[in-house]
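Structural features, examined
Chain residues, written in single-letter form:
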Amino acid sequence: MRQRTTLVGLDGEEAWELIEDLSQRQIAGATSYDGLIAACARKGGAQRILTFNRAHFERLAGVGLEIVVPGSS
């Protein structure tokens with residue numbers, strides 16, 4: 001799996017920018033973690049997010065990330 005996987009994280013400046021953005025949009029609590037996932041996915045060049053929680057990611061994914069719920073069409 002290591003050969004096929006790239007770990008992505010935010011640097012300090014990116015993390016502060018995310019915190020400020022989430023704060024301005026009044027996104028807090030557990031949804032903040034979904035924001036972190038979306039930010040890392042964008043940084044890593046992901047084209048889609050697979051989630052069972054479409055509602056959270058619709059608020060967070062932004063342009064360029066397709067939201068896919070496994071098993072739905």
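Look above for the structure.
Report follows, based on the coordinates. (Residues numbered from 1 in each chain as written. Predicted model: local features only at pLDDT ≥ 70, side-chain atom pairs only at ≥ 80, totals over all residues. Heavy atoms only, no water.)

1. Concerning the side chain of T51
Its location among the elements puts T51 in the loop between β1 (48-50) and α3 (54-60). Among the polar contacts made by the side chain of T51, one reaches the main-chain amide nitrogen of N53 at a distance of 2.9 Å. Setting aside chain neighbours within four positions, we find T51 in contact with F57, I67, V68, V69 and P70. (Helix = DSSP H or I, 4+ residues; strand = E, 2+ residues; numbered from the N terminus. Polar contact = N/O pair within 3.5 Å; in protein donor to acceptor, adjacent residues only side chain to side chain. Contact = heavy atoms within 4.5 Å.)

2. Focus on the pattern of salt bridges
Inspection of the entire model under this criterion finds four salt bridges. R48 is the salt-bridge partner of E66, the closest N and O atoms lying 3.5 Å from each other. Placement of E66 in strand β2 (residues 66-68) and of R48 in strand β1 is noted, with a sequence separation of 18 residues between them. (Salt bridge = Lys/Arg side-chain N within 4 Å of Asp/Glu carboxyl O.)

3. Here we look at helix α2 (residues 31-43)
Helix length check: α2 (13 residues) gives 19 Å between terminal C-alpha atoms against 18 Å at 1.5 Å per residue, within 8%. Those residues of α2 that fall on the buried side of the exposure criterion are T31, D34, G35, A38, A39, C40 and A41. Buried residues belonging to α2 abut α1 (12-24), β1 and α3. (Expected span 1.5 Å × (residues − 1). Buried < 20%, exposed > 50% of the residue type's maximum accessible area, 1.4 Å probe, protein only.)

4. Concerning the nonpolar core
With 12 residues, the main nonpolar core is built from L18, L22, I27, A38, A39, A41, I49, F57, L60, A61, L65 and I67. Elements supplying a minimum of two residues to this core: α1, α2 and α3. By residue number, the principal contributor to this core is α2, which donates three residues. Non-local contacts of F57, meaning those with residues more than four positions away in its chain, are made with D34, I37, A38, I49, T51 and I67. (Core = buried A, V, L, I, M, F, W, Y, C linked by side-chain atoms within 4.5 Å.)

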